[in-house]
Structures are given as structure tokens and as C-alpha cells.
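Residues per chain, in single letters:
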Amino acid sequence: MTAGEHADTAVVRVRDLRKHFRVSGGTVRAVDGVSFDILRGETLGLVGESGCGKSTTGRTLLGLTPATAGSVEFRGRDLTGLSRRQLRAMRPHMQMIFQDSAASFNPRHTIGSIIAEPMAIHLDLDRSAIHDRVAELMELVGLKREWRKRFPHEFSGGQRQRINIARALSLNPEFVVGDEPVSALDVSIQAQVVNLMSDLQDELGLTYLMIAHDLSMVRHISDRVAVMYLGKVVELAATETLFEDPQHPYTQALLSAVPLPNPKQERARQRILLEGDVPSPREAPSGCVFRTRCPLAEARCATEEPPYREVSPGRFVACHLVDGAGSNVVPVEITG
Amino acid sequence: MADEQIVIEGLSDVYVAPTLGVRLRRLGRLLWRDKTGMIGLLIFLTVVFAAVFADLIAPVDPNLQDLRSAKLPEAWADSGSWSHVLGTDDLGRDILSRIIHGARVSITVGFFGVLVAMSIGMLLGMLAGYFRGWVDSALSAVINLILSVPYLVFVIVIAAIFGRSLFNVVLIFGITDAPIFARLTRGEVLRIRESGYAEAAESIGASQPRILFRHVLPNLVGPLVTLATFEMSAMIFYESGLSFLGLSVPPSVPSWGNMLTFGRQYLTVYPWMSIYPGIAIALTALSMNLFGDWLRDVLDPRVRRSR
Amino acid sequence: MTGEALLTVDGLVTKFDAADGVVHAINGVSFDIRPGETLGVVGESGSGKSVTMMSLLGLIPSSVGRIAAGTARYRATSGEVDLLKLSERQFGRIRGREIGMVFQDPISSLNPVMTVGRQIAESLQRHLGLGRRESRSRAIEMLARVGIADPSHRVDDYPHEFSGGMRQRVMIAIALAAGPRLMIADEPTTALDVTVQAQIMALVRELQAESELAVIWVSHDLGVVAGLADRVLVMYGGTIVESAGVDDLFENPQHPYTRGLLASIPGTGLAGSRLASIPGTPPSLQHELKLCPFADRCSHAIDRCARERPGLTPISADHSSACFWDIDASRQRDGVAVIAQREGM
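Given the structure is predicted, the values throughout are model-derived calculations rather than measurements.

Another point: the overall build of chain A. Assigned secondary structure in chain A consists of 11 helices and 12 strands. Its C-alpha atoms give chain A a radius of gyration of 21 Å, within 12% of the compact-globule value 20 Å for 336 residues. Taken along its principal axes, the extent of the C-alpha atoms in chain A is 65 × 50 × 45 Å. Across the 336 residues in chain A, those meeting the buried criterion constitute 50%.

In C-alpha cells, the structure reads:
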């Protein structure tokens, strides 16, 4: 299911979204002017390194933390302008799957009541109807219905993530944000959960925003991918386009840093090694946020913020050095 | 392919069924493993039993004076008598009976003192933790103010104004101890609000009261009950101290602290007058601490599993 | 990379005492490493990869666990020692001096109230008996060697003044200060971002090119191991299920677990929109391992797997696998060996 097969109907429109936190000694611009659409039935991957603001973007998008500026349009309404009560009424349509499944459950509730809670809040169902629906959901995500009386800590990480998914899906949402849903799991278990999520997407016609730092996983599950760096989206494109032909110097470095499970390729690989670590979001550089680590940075990168623009259809890049036609940047310095 | 999987018992038993029976056995095993907790509980229950049924189990009236048998030592001492097992005081009152009745004062002060402190503290702590902002700042200021006044000064002033009575002691303890409960509650509420499951509850559209009553409150029970046992033990201790200083119940009321006061003047000659009430105080306080430690483990479902 | 082994581990068994019984964490692990070699150890959580390293370094607290069997002969500069039989005092002369250690979380391994320079110098003074001034200049040298810019100033900084990647460089500097011949690195890049991980991996490659340093690199990430290791051990259920040269392992994996693990990495599987996955969950190790630990998740399991535990059997010169399933016979029968693709618990 790719974005192209469906007419470009955006389920979620994010425009210039900002989330700033005031901390002692300054402002952290966790999300600083992010714009993208999430199309019906697609999976948009949101990747970046720690502190880039990808998780905050997901939370702000769902109104779990109020936005500082910008808009999030969902079902014809701007979520950023809604009151708590109005947001609550929207919750059934948009859900979140959390990373730390152990922490996202009340340790005193059985998994049956955890999965039932959204229905208890939003639907006027009697006990037996909720009971049936919980059983149905548990089977849908591959849990045995007899386990409903057990507590979250009695399950393994992979199973807890299934509970998390069952809870998120209990109200038939249209849009689901997954915040690193598999990154805490072992590889072989990750695959089980990822497969489950894509099966459910096909079955239920879900639209996903998948936040992750594991690039190979993102490549596997996403139709399109947005790359974030220090609170900004630096590049957004269809998955294969982005992975085969990255335009932004950061995307190029990021992709070249991903270790491949193939020793021969690994040895033959040309890597772009970035200098240093990501700067603190409290002291984001002027102009282009990536310029301090960019091997290609020029004088204007320090003074002028590169506009985030559509360089070719469906392909967005924020870099002074990528020309309008979207052709590749000058070859970068390569270290073996 | 699925059906061909060979099922091997005990290899992948991450999710072995914890039925009710299994859970009960786990709890039993937990108690058995932690024998100190069990001993604590037993001693504490004995004290409570003594307090409740003091009239029935005390051998004689605790205030019955019998000067002919005054200053008798323990029964097993040379001049002791089995009609006064732990001996008598200077007025010939039976020490065992007074200790049994004294448990009433201690348990009353401990129980109601904690009840008052917990009620006030929980309310303040929840308000502060839940609303944060200026409510939090204001309440925290009040809490710190109470904590900054030395407790003994507080007690002396209140005792001087309102006189000596059990009710006043409970009230004083309730007020001076409330900040400790308030602090714990506030911290826990803040922690739970920031926890993954409070956020998860918000993401599924739970209202604020629902989050408070279904997710925050039940998770407060464990830490609060644990703190309550420790505070109760402390209050029993402090009450004895106040009695000893003559700031608690009137001297006629049998209380462990009062007994110590009387015993003090005869400490070198008739030590049993102080030793047995002293043992009662120490044992009770110790038992509640042991029990509290055990409770802390039992009330946390995660600890319960891993132990 | 030739010659006599630097470390030879034979039949290591480590057990932990838990509330509900004994946990059989390591069930007979044997391997060796030669000077200059990089040995990758991969496995999922609970596979025993970290416990193996802790056992070798004498870091299993006697209050929670014990080494029940095995030997680990290490060719120290002062002669051969058995790491599993050393006292805590004797270990003091091995750790840091003979074997350097780097762990996942540098912030908890570094002393927060001591400058990094002093922490490096401490190792030099202790192990090499250097003086204050000399050890300081060597510390600066070490910082420069691990790629810290402006080392003569940074030497007086405290750990919190370094970023995550820089801290891990400092850890490596401390580990290598006294010139050990073996470095044990337990998930050293797991907490780091990929771009920083790439830097650390490049650094270790460089350091190895300069000396005959042998490295045991423990990781759950097969990509990292593919990029660094000469030889790879795959661990599962507290045992080594497969051991092979890195190319051989990735091109010609033998054990069904290794095959499943490789297939479940996105982008390497048999393609299509689904990832190959291994059903079930890893063993809990509460019983003594008398059968194949992977048997209940294995699609090739036969009756024998549930009765008997397969030993590590050589397939070729430097490749062995602990499995009863005959992969070649199966290939001939089915055409292509298929890894479990069933979705399930």
C-alpha cells in the first residue's frame, strides 16, 4: 500500500508545528517549525537521532502536550486550538502506541481492564459487550483470551506491545502514532510485532506515523520517510527514493552510518563520518541547524536558514546546497 | 508449521498461568521467606489485641492500689509473687495490667494520629501535586513552615493552651505529621502524572478525574500504607516520650510513658518498674517497622513477582 | 591474528540464585581468541552474552551468583592464569592492566567527581607505577589517541562535561591506558546514536590497526558485528549455538536460530512485505539445560532435540553449530530451507 495508489488525501496536515520548552537558562526548541502531511492508509516514518524532537512531534501532534505554535489538521479541525474536552472527544480517532510498554500500563490493572478502558470511557456498552470486544481484540493481536485476568508484568516485552496495540485499536481509530513501538524488543520479537502492525494496517485501513531511530526498520515499514535533526525536518521523500538517493547531507551521513548485517558490504562501504555529537537543542546553531557537523557547510549556512521546500514532486529538502531540480549535492569527503 | 511446534515444559515459561492458587502460594512464600515481617505482624497483632480486649485479659484493675504488695518484683524473682507476674509499682498497681491497658493509649494515639495526619496530608499533597503551579507553591510553603517548627515546641505550646488529653495528643500528632504524608503524596502524584500510564490514559481520552481516581489514587495506596506503619510506630514512640515529660495523658491514665516516669525515680532500686514498659515500647515500635518493611514489598505488584 | 590463543575459555558454567530457584545463565561456554582478533558475540537479551563477560572479568557478585565450572586460561604478561580462579586481589592486577573493559553506559562507569585525566592517570599509576606528571602527560596522549580534540584542556574536565560519544571515547582511553592486550566491550555503542556509533567503530578499528589488541565485542546488533568482527559467536539460552568466521556466518548460517535472527532483520530477509520472525520467546533458564534451548521455537525441531542437548559440532575448519538438524540433507529434500515465518507467540 503506497501513497501513490491513493489519491493524495491527507489524513493529518501538520503546518509549521512548534513546541518549545522553557528550561532554566533558556528555551529548548524541541520541535521548531515542522510541516508535513500524512496520507490516508500510508505509514509515514519519522526518524532521527536522540534529541531531534521526533517523539515530541508525535506527542504534540496528538495534543498530549500543547503546541507552542502551528497547526495540526485532523478530521477537518485544528487540534492545536481545541480545549481538553474537545480533544478528548477526538481521542477515539487517533491513538498512540508507546515505546515503553511496561511503563504505559497501570501496574494494578489486569490486561483485560487495560484493553477495555478506552471503551469504558467512550462507548456506552454493557459489561458483556465490552467483555466480548476485549476477547476479540486479544485474539486479533495474538493473545489468548484466557490471559485477560493477568497483570502486565506477567508478560514478555513482545506480548506487552501486543496489549498496547490492542488498547490503541479498541476504538477503531483512523490514525495511530507509534512512538518507537519495537525499539525496546529483541530483533526476533521486533519482527513479530512489526508484522502484526502491518497486518492490522491492511485489515483495518489504518494510517500510521511511525517514530523510530532504527533506519532499517523504518525502511521496512514506511511508505514515506521524514528525517529530523534538531527540531526540524531536513528531508522527506518516498522511502526508496530517500534510501537510494538521499539529498540532504545529514540524511546521507545518517544512512551511511547504519551498520549493515553483511560483512563484505560493510568492508567495502564508503562512510561519511560526521564530526562530534548532535548539539544541545538549547543551543541550536544559527542558520542551518546541521551546519556545525556538515562536511559541506558554506558561509551562508551560518546566516540563512535553508527553506524547507519541495525540490521535486513529493520530495522535500531543507538545504541550501540542493538545487531546485533535486539533483544530488556535490560529492562529500569520504572516509573509509 | 505452527502445530508441529514441540511444546516443552519449562523452557519458555515467561507466561505460565498465575492462577489464584499460585498467587496465594506466592504470597505465603513471601511471608515465609520474610520471617522478620511475619514476627513483626504477630507482635503488632498481639499489641492491638491487648489494647482492644484490655478489660478482659488484664489480670487486675490497672488502677487498683494495694500498698501491702507495693514494689513487688517479677514473679520469678526471689520475693516475687505469681499474682503480679511483672511485679507492682510504688503504689502496688499491677505492672502487667498497666502495660496491657497502656497499649490502648499507644494504639489509639498511633492509629488516630496517623489517620488525621494521612487525611490532611493526602488532601494537601494531592492538591499540590495535581494542580501544580501556584497551588503547589502555596501549599509547599505551608508544609515547610510546619516542618520548620521544632515539633516539641509545637507540642508544649498546644499542650499548654488546650491541656493534657488523649484527644489533644492525637490532634497534635495529626497536624505535625501531616506534612510528611503531604510530601510523599505530592511526590507520588507528580511521579504518577509523569508516568507512562498517566500519559497513556490521557491518550485514550480519560478525563482528569478519571486519571486521578483510577490511575493516581490506587497507586498511592502502597507507599501511603507503608509510610503509615512507620509513622504509627514513631507516634507510639513519641507519645511515650511526651508522657514521660508529662505532656501527654494525665498521670492517672495507664500509659507506657507515664509508667516510665514513675519508674524513673526507682530505676536503681526497683528497675522492673521501668524495664517492662520500656520493653513494650521498643517491641511495638520494632514490630511495626519490621511489618512496614514487609508491607512495602507486598504492596508493590512488581516486587511481589520478582521476589 | 595467528598463533597461540590469548584467551581460551572452556566449559564455563555460571548460575544465579533467584528467589524461585537457580537460574542457569551460562551452560557450558567454550571459545578462544587470538591476539589482534576481534570476536563478535551476538545474542538477544538473556542469551548470556554479558554474563559470560562478567564471569571472565570476575564481576559476578558472590551474593547473587557463582561460577560452577570451567576454565579460562589467559596468557598474561606474567604467565598464564585461570581467570575463573582468581581472587579479587589478583583480579586487581588483571582488570585494566591485562584486560581493558568498556561498558554500555559510560556515565555510570565513570566517577562523576573526578576529572577524566585523573581517572586515566589512576590506572597508569596503579598498573604501571608511573609518577604524577608522567601519568598526566600519558593521559593527554591517550585522550588524543581516542580522538578527543584539545586533549590538554579536556584532561581537566569532568565526565558530565563530555557528550555521550565523547564519554565512550574516554572509557576506551581508560580501558587501554595501561596497555592491555585484550579489550572486552559490552554493548559499547548501544546507547549511542548511529552517527556516533560509526565514529566509535572507526576508532576501534584504528586502534586495532596500531597494535595487536584483541577485542571481544558484545552486541545485539548483527550489523555492528558484521562491520567489526573477524569471528562471531552466536549465543542463545546461555550457550553458544554457532561459531564461525564473519563472512561464513553471514553467508552460510547453519543454526536455525542464527538463520532466523538474520532473516528477521529488515532488509535481509526473503523479501516481500513481511519480516521473517521467530515465534515464541527465549527460554527462562530456570531448569538445567538438558535439551536444545531453541527446540520449542525451532521449525526444524525433531524429537531428539527435546531429549538431548546438541553440542557444538564442527562443520568446517572454523565453523561449528550446535544443532541436530542436517541442513544439507534438508536442502536436498525441500529445495530451499525455509525459516519459520509463522507469526505467533
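The subject of this paragraph is the interface of chain A and chain C. At the interface, 35 residues of chain A touch 42 residues of chain C. Going through the elements one at a time, α5 (157-169), α6 (187-204), α7 (215-221), α9 (249-257) and α10 (263-268) of chain A are the ones with two or more residues in the side of chain A that touches chain C. Across the side of chain A that touches chain C, the residue classes tally to 16 nonpolar, 12 polar and seven charged.

Residues and elements named next belong to chain A. Across the sheet, four strands lie side by side as β2-β1-β4-β5; this open sheet has antiparallel pairing. A strand with exactly one partner marks an edge of an open sheet, and here the two such strands are β2 (26-39) and β5 (77-78). In the sheet, strand β4 (residues 69-74) pairs with β5 via two bridges, with the strands oriented antiparallel. Paired with F74 across the strands is R77, a residue of β5.

Moving on, we come to helix α4 (residues 95-131) of chain B. Think of an α-helix as turning once every 3.6 residues; residues three or four places apart then point the same way. All names here are of chain B. Taking 1.5 Å as the rise per residue, α4 with 37 residues should run 54 Å; its terminal C-alpha atoms sit 52 Å apart, in good agreement. Burial of α4 is extensive: 26 of the 37 residues sit out of reach of the surface. Immediately beyond the C-terminal end of α4, within one or two residues, lies R132, with a positive phi of roughly 50°.

Before going further, it helps to examine the interface of chain B and chain A. At the interface, 21 residues of chain B touch 27 residues of chain A. When residues of the side of chain B that touches chain A are traced back to their parent elements, those giving at least two are α8 (196-203), α9 (208-244) and α12 (301-306) of chain B. Sort the elements by how many residues they give to the side of chain B that touches chain A and α8(B) lands first, with six residues. Counted by class, the side of chain B that touches chain A contains nine nonpolar, seven polar and five charged residues.

Attention now goes to the nonpolar core. Counting residues in each nonpolar core, the largest one holds 260 residues, and the members touching the most others are A:V227, C:A173 and C:I216. Inspection of this core shows a minimum of three residues originating in each of domain 1 (1-98 + 183-345) and domain 2 (106-179) of chain C. Beyond its immediate sequence surroundings of up to four residues, C:I216 is in contact with C:I33, C:L39, C:V41, C:M53, C:I184 and C:A185.

In this section: helix α8 (residues 194-210) of chain C. Look at α8(C): 25 Å from first C-alpha to last across 17 residues, which is about the 24 Å you get at 1.5 Å a residue. All buried positions along α8(C) are accounted for by C:V194, C:T195, C:V196, C:Q197, C:A198, C:Q199, C:I200, C:M201 and C:V204. Of the surrounding elements, those touching the buried residues of α8(C) are α9 of chain A together with α7 (164-177), β8 (214-219) and α9 (222-228) of chain C.

Another aspect to go through is the pairing of strand β11 (residues 309-312) of chain A. Along any regular strand, the residues point their side chains to alternate faces of the sheet. Residues and elements named next belong to chain A. With three bridges connecting them, β11 and strand β12 (residues 315-317) associate as antiparallel partners. Looking at β12, one finds that E310 is bridged to F316. Between β11 and the antiparallel strand that follows it, β12, lie two residues; G314 among them carries a positive phi value of about 80°.

What follows covers the pairing of strand β7 (residues 182-186) of chain C. Residues and elements named next belong to chain C. Counted residue by residue, β7 has five buried out of five residues, so it is predominantly covered. What you see with β7 is no split at all: L182, I184 and D186 on one side and M183 and A185 on the other are buried throughout. Pairing between strand β6 (residues 99-102) and β7: four bridges, direction parallel. The residue of β7 that forms the bridge with V102 is A185. At this point the chain moves from β7, through α8, to the parallel β8, and the crossover so formed is right-handed.

Time to look at the packing of helix α5 (residues 133-148) of chain B against helix α7 (residues 166-194) of chain B. In helix packing, the relevant descriptors are the interaxial angle and the interaxial distance, both defined with respect to the helix axes. All names here are of chain B. α7 packs onto α5 with a crossing angle of 135° between their chain directions and a minimal axis gap of 9 Å. As far as their axial angle goes, α7 and α5 are oblique. Note on packing geometry: the crossing formed by α5 with α7 is left-handed. Contacts between α5 and α7 pair I143, I146 and L147 from the former with T176, P179, A182 and R183 from the latter.

Further remarks concern unusual backbone geometry. Of note in the backbone geometry, A:D16 takes a positive phi value of approximately 50° without being a glycine. Tracing the chain through its elements places A:D16 in strand β1 (residues 10-23). Here A:D16 falls in the partly exposed class, since 13 other C-beta atoms lie within 10 Å of it. Of note, C:E187 is a non-glycine position whose phi angle comes to about 50°, a positive value. Following the sequence through the fold, C:E187 ends up in the loop between β7 and α8.

Residues and elements named next belong to chain C. Overall, mixed pairing links the eight strands, which are arranged β6-β7-β8-β3-β9-β10-β12-β11 in an open sheet. Unpaired on one side and paired on the other, β6 and β11 (313-316) mark the two borders of the sheet. Across the sheet, the axes of successive neighbouring strands diverge by a mean angle of 20°, strand direction being ignored. Sheet topology places strand β9 (residues 231-236) next to strand β10 (residues 239-245); six bridges connect them, and they run antiparallel.

Residue and element names in this part refer to chain B. Here α4 crosses α5 at 145°, and the two axes come no closer than 7 Å. The crossing of α4 and α5 is left-handed. Here α4 contributes L124, L127, A128 and F131 to the contact with α5, which in turn contributes G133, V135, D136, L139, S140 and I143. Each residue belonging to the contact of α4 with α5 can be placed in one class, and the counts come to seven nonpolar, two polar and one charged.

Before going further, it helps to spend a moment on the confidence of the model for chain B. Residues and elements named next belong to chain B. This prediction gives chain B a mean pLDDT of 81; 88% of its residues lie at or above 70. The secondary structure element of chain B with the lowest average pLDDT is α12, at 45, and the one with the highest is α4, at 90. Confidence drops under pLDDT 50 across residues 1-18; counting only partners more than four residues distant or on other chains, this segment forms 36 contacts. The low-confidence segment residues 302-307, where pLDDT is below 50, has 10 contacts with residues more than four positions distant or belonging to other chains. Here the complex is predicted with pTM 0.79, and the ipTM for its interfaces comes to 0.82.

About the cut-offs
Residues numbered from 1 in each chain as written. Chains lettered and ligands numbered in written order. Predicted model: local features only at pLDDT ≥ 70, side-chain atom pairs only at ≥ 80, totals over all residues. Helix = DSSP H or I, 4+ residues; strand = E, 2+ residues; numbered from the N terminus. Rg over C-alpha atoms; globule rule 2.2 N^0.38 Å. Buried ≥ 20, exposed ≤ 12 C-beta atoms within 10 Å, placed from the backbone. Contact = placed C-beta atoms within 7 Å. Nonpolar A, V, L, I, M, F, W, Y, C, P; charged D, E, K, R; others polar. Pairing = 2+ DSSP bridges. Expected span 1.5 Å × (residues − 1). Core = buried A, V, L, I, M, F, W, Y, C linked by C-beta atoms within 7 Å. Domains from an automatic or database assignment. Right-handed = clockwise from strand over helix to strand, strands pointing away. Axes fitted to C-alpha atoms, helices over the stretch in contact; angles between N-to-C directions. Parallel < 35°, antiparallel > 145°, perpendicular 65-115°, else oblique. Left-handed = near helix turned anticlockwise from the far one by under 90°. pLDDT = per-residue confidence, 0-100.

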